[in-house]
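# Inside the fold
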Amino acid sequence: MSNGFKFFSGSSQGNPSSSDPVRENLVEQNAQPNGFKTSVFRILRRFMSASKIDGGSRTEAEEKVYSWLYALAQSEKDIVFEYVRSTERGLSFTEAERRLQENGPNVPVEYTFPSWWHLLWNAFFHPFNIILIVLSALSYIANDATNGCIMLGLVFISVSLRFYQEYNSSKAAMRLSEFVRCPIKVQRCAGRVVQTELLVQVDQRDVVPGDIVIFEPGDLFPGDVRLLTSKHLVVSQSSLTGEFGTTEKTADIREDQSTPLLDLKNICFMGTSVISGSGTGLVVSTGPKTYMSTMFSNIGKQKPPDDFEKGIRRISYVLISFMLVAVTVIVVADYITSDDATESILFGISVASALTPQMLPLIVNTSLAKGALAMAKDRCIVKSLTAIRDMGSMDILCIDKTGTLTMNSAMMVNHLDSWGSTKEKVLCFGFLNSYFKTEQKYPLDDAILAYVFTNGYRFEPSKWTKVDEIPFDFTRRRVSVVLETDLNVKHKSNHTLNRILITKGALEEVLRVCSSIEHVDRGEIATFSGEDHQRILNMGEDLSNDGLRVLGVAIKRLETQRRSSTGIYDETVECDMVFLGLISFFDPPKDSAKQALWRLAEKGVKAKVLTGDSLPLAIRICKEVGIRTTHVVTGPDLELLNQESFHETVKRSTVLARLTPTQKLRVVQSLQTVGEHVVGFLGDGVNDSLALDAANVGITVDSGASIAKDLADIILLEKDLNVLVAGVERGRLTFANTMKYIKMSVVANIGSILSLLIATLALGYEPLTPRQLVTQNFLYNVGQIAIPWDNMEEDYVKTPQKWSLKGLATFILWNGPVCSLCDISALLFIWFYYGTDSEPLFRSAWFIEGLLMQTLIIHLIRTEKIPFIQEIASWPVICSTVVISAIGISIPCTSIGDVMGFATLPLSYFGFLVVLFIGYFTVGQIVKRVYILVYKTWL
């Protein structure tokens, strides 16, 4: 290929890159106001630039909650009662009723469901809709009902879709009440002279600050609670943290300011639940003043408009300004030449209509709907159509690790003795424990059984008989089984025994009940020394730092007569045991995760892991799937940073662990505002809801929490990241086709209006009558309906695409004159070759040239390459071009043309059009190549 031909053809050199994009992207990197007047002003303010929520600091409401809870956590119990104005007997019924009236119902978020008319007004009040409404009204006034109906229909489609989406998304916050609707045991006092303490059940909505609540396993905390008493209390905070583990709580402690909020031992939070143990607590915060409420206070509020929405709004203002100027000048010029005010105004309305990209709502929504249908075939439900377009602009994907990168199941890795060597005996007794336990089967037990069966071990469980079981509880954190066998098992004293206790559980708890350690190779049992204890703990810590979960295994030989007084073994038998070793487990990454992340990186999407899990576990998973772990940070570390350091750390880090829901939110906001990224967030828990709501693209799975599914834009029916890769491609294709239409339409329309103005001044009469201009515009708009079915060059979908108003203005300035040059060339040819005395002849020639130019421009704009030679449009676009061109050319030759005032054109004019459009495409291609050389981009 010659250098000259290379200049005209847009090879992929338009976007040079000095580095490998794959490696770079993968591994681095309150109450609503009421009233119509208030609503109008609030909507108008949305068009103005507002202060950004950059996520670098806590809100005022969050600071109040933090300060309040820390003050209570650091205080003695008697001081806490004074803080909330309560007593050790509890509140009286009268006082509780008064406080309920004062504080309102105990619901986590005070959310007023917007009225339908409010949402409809929001959907309607958009500059683009206003343009079409005004033009439609003017068309009706000028007796042009057809054009008016078309524009009203487009407004109806746009408003209906927007109203439907906002109506559904606004209901998401109502789901929060599901997490706290249950009866609560409360201690109240009654009596005028002698007060009696009474235990009553009240609905969670009626709990007030100062109430003393009694809780047992399975209970939900109805508010933020300061513990008064506790007995082996273990709480699940998964609704807040996303971690499936548990947290021990105790009343007999005073915390300090350095402890992370969710790690406070004497504070329990609304929405968390009791796993085991019992206790009493003083309710210190209810309703909107709880920590949970500060988390979810922003749910259901509108996201800040993305670049595309802001761009459409701004281009609407530009079009309005240009329209007012251009139409005024054209009306005045036409009136001066024709001296007919009515005809001039009608002509001005037609010009304004031609200047407006009327098909934009239909083009955009058709493209989005087409993408949604394609994603549905990939088992992916698209709730918000605009999310598809945003996926095309997405350059950062934040992922919650559990169940997304991993299989959310346990896989056994190894079985080690006390010195780190693989020993089959450790696996044998671990297997027997899991095989015979019957209460509370856990995934770790299934992992051990699967490992044994799939690797061909033969431990012959049929030769063992279960005698008893001491089930797992969250205080001991271990489980034991007592087995009997007919085999002779020799003890070190050579006394023959056939009954054995096998214990398996948390490493620290198993070590706690051991007094001996076995040298498996030598078959010797030695006293458990402090050195042995520390060595095993260090080994367990090393494995944990590698992201593995560790269980300890110990055994004890029992005398056959060794039983408790009831004839059943209890936990007291778990003492003086022999430590055998430990078993490690891993939640393996999905086979598709690494491939999907690599494919996303190829397309310029960086991955960041935002999880509530521990840092070592997150690092291990990220290493497995290829995410660099050079820069990592935890939630407690982020709390210590100032605002500037926070943003810099978020920008640099690829793994962020132990994050609270509000920290996930602030990370997403920081990336959006300070980093100016388009952020996607993939999560499935209640703790992910804030980030899902704030992200440009919220993604969850069908097994996620109901509120997560309500707030998400996209729901995956399968936890496969490859679906997102396809979504990114379709999003970029949708964005590209939309930008094709916008750029082509604005360039062609502005160029044509300038040509109309020049022709009007030069000819002394209208180049086209209002009816002819509207017909031309209508045919052109119909021809663009095929754009959503157009294809796109492969290079275009490799990088994120974002709206640039400056880029659009530059594009118009470069390419608009090319269209005007084509029109002026036609004007000069007609003037000097045919003359301008015959208005029907001139208008026929101008009508066909203008329609063909506007129809063919899509082929010049849609690709960097040479149209029809190096790159051909999709067959729907080709068919649309041929059909509309044929209709336009044939109209002057039909009776319709006679009615419209056209005349039959000589064949020589069509020969001129062939030469004209060859020249048009040549000049357009030269301008295109120079533009790409200067700006390194095209669409």
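Residues numbered from 1 in each chain as written. Predicted model: local features only at pLDDT ≥ 70, side-chain atom pairs only at ≥ 80, totals over all residues. Heavy atoms only, no water.

For the rest of this paragraph, the subject is the pairing of strand β4 (residues 212-215). Of the two faces of β4, both are covered, the one formed by I212 and I214 as well as the one formed by V213 and F215. One ladder, built from 4 bridges, connects β4 with strand β8 (residues 273-285); its direction is antiparallel. Along β8, the bridge assignment pairs I212 with L282. (Buried < 20%, exposed > 50% of the residue type's maximum accessible area, 1.4 Å probe, protein only. Helix = DSSP H or I, 4+ residues; strand = E, 2+ residues; numbered from the N terminus. Pairing = 2+ DSSP bridges.)

A few words now on the packing of helix α30 (residues 839-861) against helix α33 (residues 907-935). Between α30 and α33, the least distance of the axes is 11 Å, while the angle of their chain directions is 35°. Handedness of the α30/α33 crossing: right-handed. On α33, the residues that touch A845, W846, I848, E849, L852, M853, L856, I857, H859 and L860 of α30 are Y909, F910, L913, L916, F917, Y920, F921, G924, Q925 and K928. When the residues that make up the contact of α30 with α33 are grouped by side-chain class, the tally is 15 nonpolar, 3 polar and 2 charged. (Axes fitted to C-alpha atoms, helices over the stretch in contact; angles between N-to-C directions. Left-handed = near helix turned anticlockwise from the far one by under 90°. Contact = heavy atoms within 4.5 Å. Nonpolar A, V, L, I, M, F, W, Y, C, P; charged D, E, K, R; others polar.)

Residues of helix α20 (residues 591-602) that are buried include every one of S592, A593, A596, L597, L600 and A601, and no others. An end-on view of α20 places all buried positions within 165° of arc, on one side of the element. Positioned one or two residues after α20, G604 has a phi angle of 80°, which is positive. (Arc of directions from axis to C-beta.)

Moving on: the side chain of E509. Structurally, E509 is set in helix α18 (residues 507-512). Using a relative accessible area of 8% as the deciding quantity, one classes E509 as buried. Within the local environment of E509, its side chain forms a polar contact with the side chain of R512, the two groups lying 3.0 Å apart. Setting aside its immediate chain neighbours within four residues, E509 contacts T475, R476, R477 and R478. (Polar contact = N/O pair within 3.5 Å; in protein donor to acceptor, adjacent residues only side chain to side chain.)

This paragraph deals with unusual backbone geometry. You will see that H232, though not glycine, has its phi angle at about 50°, which is positive. With respect to the helices and strands, H232 occurs in strand β5 (residues 224-236). For F868, which is not a glycine, the phi torsion comes out positive at approximately 70°. The exposure class assigned to F868 is partly exposed, which follows from its relative accessible area of 42%.

This part is about the nonpolar core. Counting residues in hydrophobic clusters, the biggest one holds 147 residues, and the most contacted among them are L405, L597, I714, L716, I742 and Y920. Here this core gets 19 residues from one element, more than from any other, and that element is helix α27 (residues 722-763). V633, L656, L692 and A695 belong to the second largest nonpolar core, which has 46 residues in total. (Core = buried A, V, L, I, M, F, W, Y, C linked by side-chain atoms within 4.5 Å.)

This next bit is on the packing of aromatic side chains. Counted according to the given criterion, the structure contains 29 aromatic pairs. With centroids separated by 6.3 Å and ring planes inclined at 20°, the aromatic side chains of Y451 and Y457 adopt a geometry described as stacked. When the ring of Y931 is compared with that of Y935, the centres are 4.8 Å apart and the planes differ by 45°; the resulting orientation is tilted. With Y931 and Y935 both in helix α33 and 4 residues apart, the pair spans about one turn of that helix. Looking at Y935, the relative accessible area reads 37%, which means it is partly exposed. In this structure an aromatic cluster arises from ring pairing among F431, Y435, F436, Y451, F453, Y457 and F459. Sitting over the ring of F586, R620 keeps its end group 4.3 Å from the ring centre. Over the ring of F811 we find K743; its NZ or CZ atom is 4.6 Å from the centre of that ring. (Phe/Tyr/Trp six-rings, centres within 6.5 Å; stacked < 30°, edge-to-face > 60°. Lys NZ or Arg CZ within 6 Å of the ring centre and 35° of its normal.)

A grouping of D78, E82, E88 and E197 is seen on the molecular surface, where their side chains present a negatively charged patch. Mapped onto the elements of the fold, E197 is located in strand β3 (residues 196-203). Judged by relative accessible area, which is 43%, E197 ranks as partly exposed. (Patch = residues over 30% accessible without salt bridge, like charges linked within 9 Å, V, L, I, M, F, W, Y side chains within 5 Å. Areas by Shrake-Rupley, 256 points an atom, 1.4 Å probe, with all protein chains shown as cover. Salt bridge = Lys/Arg side-chain N within 4 Å of Asp/Glu carboxyl O. Lys, Arg positive; Asp, Glu negative; His and termini not counted. Charge placed at Lys NZ, Arg CZ, Asp CG, Glu CD.)

What follows concerns the packing of helix α28 (residues 770-783) against α30. Where α28 contacts α30, the two axes come as close as 10 Å, and the packing angle between them is 25°. By the angle between their directions, the pair α28 and α30 is classed as roughly parallel. Relative to α30, the crossing made by α28 is right-handed. Within the contact between the two elements, α28 uses Q772, T775, Q776, L779 and Y780 and α30 uses R843, W846, F847, G850, L851, Q854 and T855. Residues that form the contact of α28 with α30 fall into these classes: 5 nonpolar, 6 polar and 1 charged. (Parallel < 35°, antiparallel > 145°, perpendicular 65-115°, else oblique.)

This part is about the sheet that holds strand β24 (residues 714-716). With respect to topology, 8 strands assemble into an open sheet ordered β9-β24-β23-β22-β10-β19-β21-β20, the strand pairing being mixed. Single-partner strands in this sheet number two, and they are β9 (380-382) and β20 (632-634). Taken over all neighbouring pairs, the strand axes of this sheet differ in orientation by 20° on average, direction set aside. Strand direction decides the pairing type here: β9 and β24, joined by 3 bridges, are antiparallel. The partner of I381 across the bridge, within β24, is I715. Each of β19 (606-610), β20 and β21 (655-657) touches helix α21 (residues 615-625); the most contacted strand, β21, lies at about 150° to it.

These figures come from the coordinates and say nothing about function on their own.
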